[in-house]
Amino acid sequence: MANPSLLILPGDGIGPEVMAEVRKIINWYGAKRGVTFDVSEGLVGGCAYDKYGTPLHDDTMARAQEVDAVLLGAVGGPQYDTLDFSLKPERGLLRLRKEMDLYANLRPAQCFDALADFSSLKKEVVAGLDIMIVRELTSGVYFGEPRGIFPDNEGGRVGINTQRYTTNEIRRVARSAFELARRRNNKVCSMEKANVMESGVLWREEVQWVHDHEYPDVALSHMYADNGAMQLVRWPKQFDVIVTDNLFGDVLSDCAAMLTGSLGMLPSASLGAPMANGRPKALYEPVHGSAPDIAGTGKANPIACILSFAMALRYSFDMGAEAARVENAVQKVLADGLRTADLMGPQDGTPISTTEMGDAIVAALNASL
Ligand code: IPM
Ligand code: MG
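Numbers given to residues run from 1 along each chain, matching the order in which its sequence is written. Chain A is the first chain written and ligand 1 is the first ligand written, with later ones labelled in order. Only residues with pLDDT of at least 70 are given local features in this predicted model, and only at 80 or more are side-chain atom pairs given and counted; all residues enter the totals for whole chains, interfaces and linings. Only heavy atoms go into the side-chain values, all of them from the structure, while hydrogens and water stay out.

**Q** So what about the sheet that holds strand E3 (residues 69-74)? Which residues, and what values?
**A** At least two bridges found by DSSP between two strands is the condition for calling them paired. Helix numbering and strand numbering both begin at the N terminus, where a helix is a DSSP run of H or I of at least 4 residues and a strand a DSSP run of E of at least 2. Pairing is mixed across the open sheet formed by 10 strands, whose spatial order is E2-E1-E3-E12-E11-E4-E5-E10-E8-E9. What marks the edges here is a single partner per strand, and that holds for strand E2 (38-41) and strand E9 (219-224). Shown here is a sheet whose adjacent strand axes are inclined to one another by a mean of 20 degrees, direction ignored. Here helix H6 (residues 167-182) sits on the sheet in contact with strand E4 (104-110), strand E5 (130-136), strand E8 (187-192), E9 and strand E10 (241-244), set at roughly 165 degrees to E5. Only the stretch in contact is used when a helix axis is fitted, and all axes are lines through C-alpha atoms; the angle between N-to-C directions ranges over 0 to 180 degrees. Contact criterion: two residues are considered in contact whenever any of their non-hydrogen atoms come within 4.5 Å of each other.

Below is the structure:
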């Protein structure tokens, strides 16, 4: 059988630094576990714009469609803020999501024991937390038409975006959430604003339909998204799987991320329909952004990106035990007290660097054999 193939898109800011640490893990699998990945690399975001005048070259897009999985670092930076919307770094990422049709974005928020004290919430609220946000990723207000900034009738302007969801778009992401719940604690909470939005009413009805017809064994509840945000910080352990739309999912997943102590810890998987080889179309990326303020300083935490690779092992390559090996290695390093700067308060001693964290995780992998 051919080696599994990966396209690595480090992107901007701290993206290349954290991805260099993921490379160490990928190489470790070749050297120590006999799993050799065919790795190619490309540009996305601001760096692609600098080189090609577009945040995603067509050749890179085509390559992303061919490989088994794409690993992405982060995109964006202040120097691109004034670019036309169509040229912004974020458009490269959004094009990948849309053209690969990666409709289900899995964002786990897990609180590692060693970090429970570091969350801004009380320890008892977050200790042992393990929830999964499933965010719809290819539709809604991110992509709905009409959109744009137009002149209005009063000599001013009007900015328009459109929230739009179809039955099929809602049902397929709902199925992803129910499937995940069956392998976890069998609970799904769906979040929308059915009290003010017609698209929210449809969302609620379609999720309920999928439940009643296909997953009656899973416990389903519905919540308005604003209440959901409040419940996430009040008592997050009430949730197992949360399913929600693109925009609410963007906001709620940042909120959930902070429960775990740092945005530098959170991985994500974006999955689409199965390809000819049975593997889903897939892109893996950390939830954090490009953090231009710390780029090049060695302060970045590579764990979110490394855990994203662990998700690739689990969801693309059916290597759940190996994914757990990587996750346990991260757990061990944290339990040993090693911390990058984002995981420390001012009084907590000396942080280790991005590369030192990567090396420590490789050492923990070696110790796991
Ligand atoms: C995310 C990010 C992106 C989004 C940006 C970078 C386009 O915030 O993945 O959560 O809004 O989806
Ligand atoms: Mg976001």
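**Q** Residue-level account of the site of ligand 1, with values.
**A** One heavy atom suffices: a residue is near a molecule or strand as soon as one of its heavy atoms comes within 4 Å of it. Every residue lining ligand 1 is accounted for by Glu90, Arg97, Arg107, Arg135, Tyr142 and Asp250. Between Arg97 and ligand 1, the recorded distance is 2.7 Å, taken from a side-chain N or O atom to an oxygen atom. Polar contact is the term for a pair of N or O atoms within 3.5 Å; when the atoms are in protein, one must be able to donate a hydrogen and the other to accept it, and sequence-neighboring residues count only if both atoms are side-chain atoms. Asp250 places a side-chain nitrogen or oxygen 2.8 Å from an oxygen atom of ligand 1. Accessible surface area values rest on a Shrake-Rupley calculation with a 1.4 Å probe, where residue burial reflects the displayed protein chains alone. Expressed as a share of its isolated accessible area of 320 Å², the protein-covered part of ligand 1 is 76%. Note that Gly is not counted as nonpolar here; it falls among the polar residues with everything else outside the nonpolar set of Ala, Val, Leu, Ile, Met, Phe, Trp, Tyr, Cys and Pro and the charged set of Asp, Glu, Lys and Arg. Split into classes, the residues belonging to the shell around ligand 1 amount to one nonpolar, no polar and five charged. Bear in mind that the domain bounds are from an automatic or database domain assignment. Among the domains, domain 1 (1-110 + 262-369) and domain 2 (119-260) are the pair contributing at least three residues each to the shell around ligand 1.

**Q** Tell me about the packing of aromatic side chains, residues and numbers included.
**A** Side-chain rings of Phe, Tyr and Trp, where Trp is taken by its six-membered ring, are said to pair if the distance between their centres is within 6.5 Å; with planes under 30 degrees apart they count as stacked, over 60 as edge-to-face, and otherwise as tilted. Across all of its chains, the model carries seven aromatic pairs by this definition. Summarising the aromatic geometry, the rings of Phe37 and Phe309 are spaced 5.7 Å apart at their centres and angled 75 degrees between planes, so their arrangement reads as edge-to-face. You can see Phe37 sitting in the loop between helix H1 (15-33) and E2 and its partner Phe309 sitting in helix H10 (residues 303-315), a full 272 residues away along the chain. The pair Phe37 / Phe309 is uniform in exposure class, with both members buried. Between Tyr165 and Trp203 the ring centres are 5.2 Å apart and the planes differ by 75 degrees, which places this aromatic pair in the edge-to-face class. Note that Tyr165 is positioned in the loop between strand E7 (157-162) and H6 and Trp203 in helix H7 (residues 198-214), a separation of 38 residues in sequence. By the ring-pair criterion, three or more aromatic residues cluster together here, those being Trp28, Tyr29, Phe37, Phe309 and Phe317. Here's how the labels work: a residue is buried when its accessible area is under 20% of the maximum for its type, exposed when over 50%, partly exposed in between, all with a 1.4 Å probe on protein chains only.

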